[in-house]
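Observations on the three-dimensional arrangement
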Amino acid sequence: MRERSTMFISSHCHTAEPAKRQTRVLLNARIAPEINVDMVTAEHSDASKREGTLASRIMRVQVHTEVQGTMTPSPRKTSPSLQQDRRDNGLDSRIAPGDVLYVPGTGGGGVFEVGTAGGLLGHVMVAIARPRRIPEFSEDGIWFKPVWPSGGVTEIWMVRVIESTRNKTGLHEANLLVYLKRRTRKIILIGEVIDGHIDGSGQPMELWESPGRLRALLSAGLLAEVVQEMKDQCTSWSWTTAARAVLRSASSFNKLIGDDLLLQEIRECWAAEPICTSVVIGFWQRCLCKLAKGDTRSTDDMALDPAELILKWMPLKADRSLPGTLLETMRNCGWKRWTAIPASR
């Protein structure tokens, strides 16, 4: 869960409760000084001229409820080297479906912030679509002007993710606004778009890029199938699972029991009430199981039993992994960590 202050940007907020709205903006500014809120007063004085235009824009920022409509195939499906060779400075050429986004923990709220972005242990999410670029002076850019970052930022991106958070039931789908800081090119989370307002954050993020072999095989159809399966089966964030992750090992597989029983043990962990890491682990383990049964089974490293694929790419139990354990395991399995996105040369 991301516990953030709320900044309303719907047209109604330009005419109703201006004092209350400004207090929210100031609170958000203290949390995220990178977010530019100087335009709020000017927008309030202009409200009568632009109210009709802004009202017509409300539906454009509503979160889509259908995963299928937001998914695009990975360009690596036809050419694994295509994405690597693209000369592009933006996140849309870097983040692909299946990649993991991590918001490091700050520890400011202690145990009470477990399960939140920036909380005690951090928060992980899975991207399920390529980022959508929003230029500063585009129609959408003007709409998001109240939360536009300062420092000469000319574009931001909207990223669709799935996650498990403390304040949402079941598997939560979210549209995140992110940008790259101009000099450091670090990834910064502006906030989540929810029903015409922004839940502000301003926290740095890390991108964990999935191995090229997995990216090449993660088609839009497979992605949609796995996400729907998780939506049907996923329950809500659990303190019990969080405690289990602290007290028990996430990689304690009994490899002597045989692949069938090992796979059964892995699947049983999917059924437990989740924490944020459960979504990442369960997503990729489901994908690997389906890949092992599909047309790719006869090719190189995919010609393995599902349990063997899981031990190769995501060897963790979904019901007991802390974010730090997950990230270290991903690093060992070939995932690439980005704290900043290098500019093309």
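Quantities reported herein were computed from a predicted structural model and do not represent experimental measurements.

In this section: the overall build of the chain. From N to C terminus, the chain includes 12 helices and nine strands. Long-range pairs, those at least 24 residues apart, make up 70% of the contacts in the chain between residues at least 6 apart in sequence. Summed over all atoms, the accessible surface of the chain reaches about 15300 Å², with 52% contributed by carbon and sulfur.

This brings us to helix H10 (residues 276-293). The periodicity of an α-helix, 3.6 residues per turn, causes residues three or four places apart in sequence to face the same way. Look at H10: 27 Å from first C-alpha to last across 18 residues, which is about the 26 Å you get at 1.5 Å a residue. When you tally the buried positions in H10, you get 16 out of 18 residues, the bulk of the element.

Following both chains from N to C, one finds helix H7 (residues 220-233) and H10 inclined at 130°, their axes separated by 10 Å at the closest point. Judged by the angle between their axes, H7 and H10 are oblique. Relative to H10, the crossing made by H7 is right-handed. For the pair H7 and H10, the contacting residues are Leu222, Leu223, Glu225, Val226, Val227, Glu229, Met230 and Gln233 in the first and Val279, Gly282, Phe283, Arg286, Cys287, Lys290 and Leu291 in the second.

Averaged over all residues, the pLDDT of the chain equals 74, while 62% of them reach at least 70. Contacts from residues 1-87, a stretch scored under 50 in pLDDT, to residues over four places away or in other chains number 170 contacts. Across residues 109-118, confidence stays below pLDDT 50; counting only partners more than four residues off in sequence or on other chains, it has 38 contacts.

Turning our eyes to something else, we now look at the pattern of salt bridges. The tally for this structure, following the rule as stated, stands at 13 salt bridges. Notably, a salt bridge pairs Arg215 with Asp99, separated by 2.2 Å at the nearest N-O pair. With a gap of 116 residues between them, Arg215 in helix H6 (residues 212-217) and Asp99 in the loop between helix H4 (82-85) and strand S2 (100-103) connect regions that are remote in the sequence. A relative accessible area of 1% means that Arg215 is categorised as buried. Notably, a salt bridge pairs Arg320 with Asp319, separated by 2.9 Å at the nearest N-O pair.

As a further point, take the packing of aromatic side chains. With the rule as written, the count across this model stands at two aromatic pairs. Ring centres 5.5 Å apart and planes at 85° place the aromatic pair Trp284 and Trp335 in the edge-to-face group. Highlighted residues: Trp284 in helix H10 and Trp335 in the loop between helix H12 (323-332) and strand S9 (336-338), separated in sequence by 51 residues. For Trp284, a relative accessible area of 2% gives the class buried. Judged by relative accessible area, Trp335 falls into the buried class, the value being 4%. Chaining the aromatic ring pairs together yields one cluster made of Phe283, Trp284 and Trp335. Here Arg94 stacks its cationic end above the ring of Trp338, 4.2 Å away from the centre of that ring. When the ring centre of Trp313 is taken as origin, the NZ or CZ atom of Lys312, which lies over that ring, is 5.0 Å away.

In this section: the nonpolar core. With 45 residues, the main nonpolar core has Ile162, Phe283 and Met314 as its most contacted residues. Taken together, the elements giving at least two residues each to this core come down to S2, strand S3 (123-127), H6, H7, helix H9 (259-270), H10, helix H11 (306-313) and H12. The dominant element in this core, judged by the number of residues it contributes, is H10, at 11 residues. In contact with Met314, other than residues within four places in its own chain, are Val280, Ile281, Trp284, Gln285, Leu288, Leu309, Leu326, Met330 and Trp335. Among the nonpolar cores identified, the runner-up in size contains 19 residues, and Val159, Val178, Ile187 and Met205 belong to it.

The next subject is the side chain of His197. Within the element layout of this structure, His197 appears in strand S8 (residues 197-209). Among the polar contacts made by the side chain of His197, one reaches the main-chain carbonyl oxygen of Ile194 at a distance of 2.8 Å.

By definition, a disulfide links the sulfur atoms of two cysteines through a covalent bond. Scanning the entire structure with this criterion turns up zero disulfides. Here Cys287 is not disulfide-linked; the sulfur of Cys289 is the nearest cysteine sulfur, at 9.5 Å.

We now examine unusual backbone geometry. Glycine aside, the phi torsion of most residues is negative, and most peptide linkages are trans. Phi is positive for Arg185, which is not a glycine, with a value near 60°. Its place among the elements puts Arg185 in the loop between strand S6 (172-180) and strand S7 (187-194). Given the relative accessible area of 16%, Arg185 is considered buried.

The end-to-end C-alpha distance of H7, which contains 14 residues, comes to 20 Å, matching closely the 20 Å that a straight helix rising 1.5 Å per residue would cover. Along H7, the residues that are buried comprise Ala220, Leu222, Leu223, Ala224, Val226, Val227, Glu229 and Met230. In the core, the buried residues of H7 are packed alongside strand S5 (155-163), H6 and H10.

Taken across its nine residues, S6 has nine buried, putting it largely inside the fold. A two-sided burial pattern is seen for S6, the buried positions comprising His172, Ala174, Leu176, Val178 and Leu180 on one face and Glu173, Asn175, Leu177 and Tyr179 on the other. With seven bridges joining them, S5 and S6 adopt antiparallel strand pairing. Within S6, the position partnered with Val161 by the bridge is Ala174. Inspection of the sheet shows S6 paired to S7 by six bridges, in the antiparallel sense. If you follow Leu176 over to S7, its bridge partner there is Glu192. Here S6 folds back onto S7, and the loop between the two strands holds six residues, one of which, Arg185, carries a positive phi near 60°.

Calculation rules
Residues numbered from 1 in each chain as written. Predicted model: local features only at pLDDT ≥ 70, side-chain atom pairs only at ≥ 80, totals over all residues. Heavy atoms only, no water. Helix = DSSP H or I, 4+ residues; strand = E, 2+ residues; numbered from the N terminus. Contact = heavy atoms within 4.5 Å. Areas by Shrake-Rupley, 256 points an atom, 1.4 Å probe, with all protein chains shown as cover. Expected span 1.5 Å × (residues − 1). Buried < 20%, exposed > 50% of the residue type's maximum accessible area, 1.4 Å probe, protein only. Axes fitted to C-alpha atoms, helices over the stretch in contact; angles between N-to-C directions. Parallel < 35°, antiparallel > 145°, perpendicular 65-115°, else oblique. Left-handed = near helix turned anticlockwise from the far one by under 90°. pLDDT = per-residue confidence, 0-100. Salt bridge = Lys/Arg side-chain N within 4 Å of Asp/Glu carboxyl O. Phe/Tyr/Trp six-rings, centres within 6.5 Å; stacked < 30°, edge-to-face > 60°. Lys NZ or Arg CZ within 6 Å of the ring centre and 35° of its normal. Core = buried A, V, L, I, M, F, W, Y, C linked by side-chain atoms within 4.5 Å. Polar contact = N/O pair within 3.5 Å; in protein donor to acceptor, adjacent residues only side chain to side chain. Disulfide = S-S within 2.5 Å. Pairing = 2+ DSSP bridges.

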